[in-house]
Amino acid sequence: MIKAILIFNNHGKPRLIRFYQYFAEDMQQQIIRETFHLVSKRDDNVCNFLEGGSLIGGSDYKLIYRHYATLYFVFCVDSSESELGILDLIQVFVETLDKCFENVCELDLIFHMDKVHYILQEVVMGGMVLETNMNEIVAQVELQNRMEKSESTVWVFFPFFCLFVCLLQGGLSAAPARAVSAVKNMNLPEIPRNINIGDINIKVPSLSPF
């Protein structure tokens, strides 16, 4: 079973972190630092797997990694997983990213984190390997992209559709009032009044009703 997937750059900055076993946030940060220290000091001519760090399980777990340009891709697995199998899985994951982003780079992982997580979920979920065929993974990602584009197109034209319906029902003079009524009856999520980003607290002002 896969216990964790860690991607960080040559300076130890995490770019994607996924734990499949609960760890407190401070412990996760310690595991990331320990794993980076263990992996980054190894020469390029040694094998790509080693004993796990003491914080993540010690000798009961293995760290299997690949180093691509500025990024380390590290999988922490238990003894039931094959080292060569996980190395191949990392290669499939990276090649899938490369195909989806057209020459993937570190910035893609930063600015398209949601898409990267979606691709990872097509490969691994709950610590179990789901798919190893790159073509199947890419096909699912492309299907998801088409669905998102379709949904965004629907919402772009929705106001015009509401206005058209209002015109049919009550003529031009009644259209504004009916449009407002239609918006009021939409089941929209409540706007949060306080947004917390780290130590920054943003208060959203109350908006006057229609």
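Refer to the structure above for everything that follows.
Please read these numbers as outputs of a predicted model, since none were measured by experiment. (Residues numbered from 1 in each chain as written. Predicted model: local features only at pLDDT ≥ 70, side-chain atom pairs only at ≥ 80, totals over all residues. Heavy atoms only, no water.)

**So, the sheet that holds strand S4 (residues 61–68)**
Two strands in a sheet stick together by hydrogen bonds in their backbones, pointing the same way (parallel) or opposite ways (antiparallel). Pairing is antiparallel in the open sheet, where five strands are placed in the order S2-S1-S5-S4-S3. Every interior strand has two partners, whereas the edge strands, strand S2 (14–19) and strand S3 (49–51), have only one. On average, adjacent strands in this sheet sit at an angle of 20° to one another, irrespective of strand direction. The pairing of strand S1 (residues 2–9) with S2 spans five bridges and is classified as antiparallel. (Pairing = 2+ DSSP bridges. Helix = DSSP H or I, 4+ residues; strand = E, 2+ residues; numbered from the N terminus. Axes fitted to C-alpha atoms, helices over the stretch in contact; angles between N-to-C directions.)

**Notes on the nonpolar core**
Membership of the largest hydrophobic core comes to 29 residues, with the highest contact counts inside it found for Ile 2, Ile 5, Phe 73, Phe 75, Ile 86, Phe 93 and Ile 119. Secondary structure elements with two or more residues in this core: S1, strand S5 (71–78), helix H2 (83–101), helix H4 (113–123) and helix H5 (134–184). Examining the composition of this core, we find that ten residues originate from one element, H2, more than from any other. If we skip the residues at most four places from it in the chain, Ile 119 touches Phe 93, Thr 96, Leu 97, Cys 100, Phe 101, Ile 137 and Val 141. Core analysis: the second largest hydrophobic core is formed by 18 residues, Phe 19, Phe 23, Ile 32 and Val 74 among them. (Core = buried A, V, L, I, M, F, W, Y, C linked by side-chain atoms within 4.5 Å. Buried < 20%, exposed > 50% of the residue type's maximum accessible area, 1.4 Å probe, protein only. Contact = heavy atoms within 4.5 Å.)

**As for the packing of aromatic side chains**
All told, the structure shown has six aromatic pairs when counted by the stated rule. Aromatic side chains Phe 8 and Phe 36 sit 5.4 Å apart centroid to centroid with 90° between the ring planes, which places their arrangement in the edge-to-face category. In this pair, Phe 8 sits in strand S1 while Phe 36 sits in helix H1 (residues 25–40), placing the two residues 28 residues apart along the sequence. Note on Tyr 68 and Phe 73: the rings are 5.6 Å apart at their centroids and 90° apart in plane angle, and the pair reads as edge-to-face. (Phe/Tyr/Trp six-rings, centres within 6.5 Å; stacked < 30°, edge-to-face > 60°.)

**Brief notes about the side chain of Asp 78**
For Asp 78, the location among the structural elements is in strand S5. Polar contacts involving the side chain of Asp 78 include one to the side chain of Ser 80, which spans 2.5 Å. Setting aside residues up to four positions removed in sequence, Asp 78 forms contacts with Met 1, Asp 60, Tyr 61 and Lys 62. (Polar contact = N/O pair within 3.5 Å; in protein donor to acceptor, adjacent residues only side chain to side chain.)

**Re unusual backbone geometry**
In this structure, Ala 69 is a non-glycine residue whose phi angle is positive, near 50°. Inspection of the secondary structure puts Ala 69 in the loop between S4 and S5. On the basis of relative accessibility, which here comes to 67%, the residue Ala 69 falls in the exposed class. Within the chain, Asn 103 stands out as a residue other than glycine whose phi angle is a positive 70°.

**Focus on H1**
Taking 1.5 Å per residue as the helical rise, H1 with its 16 residues ought to reach 22 Å, and the 22 Å between its terminal C-alpha atoms agrees with that figure. Every buried residue of H1 is listed here: Ile 31, Ile 32, Glu 34, Thr 35, Phe 36, Leu 38 and Val 39. Buried residues along H1 sit against S1, S2, S3, S4 and S5. (Expected span 1.5 Å × (residues − 1).)

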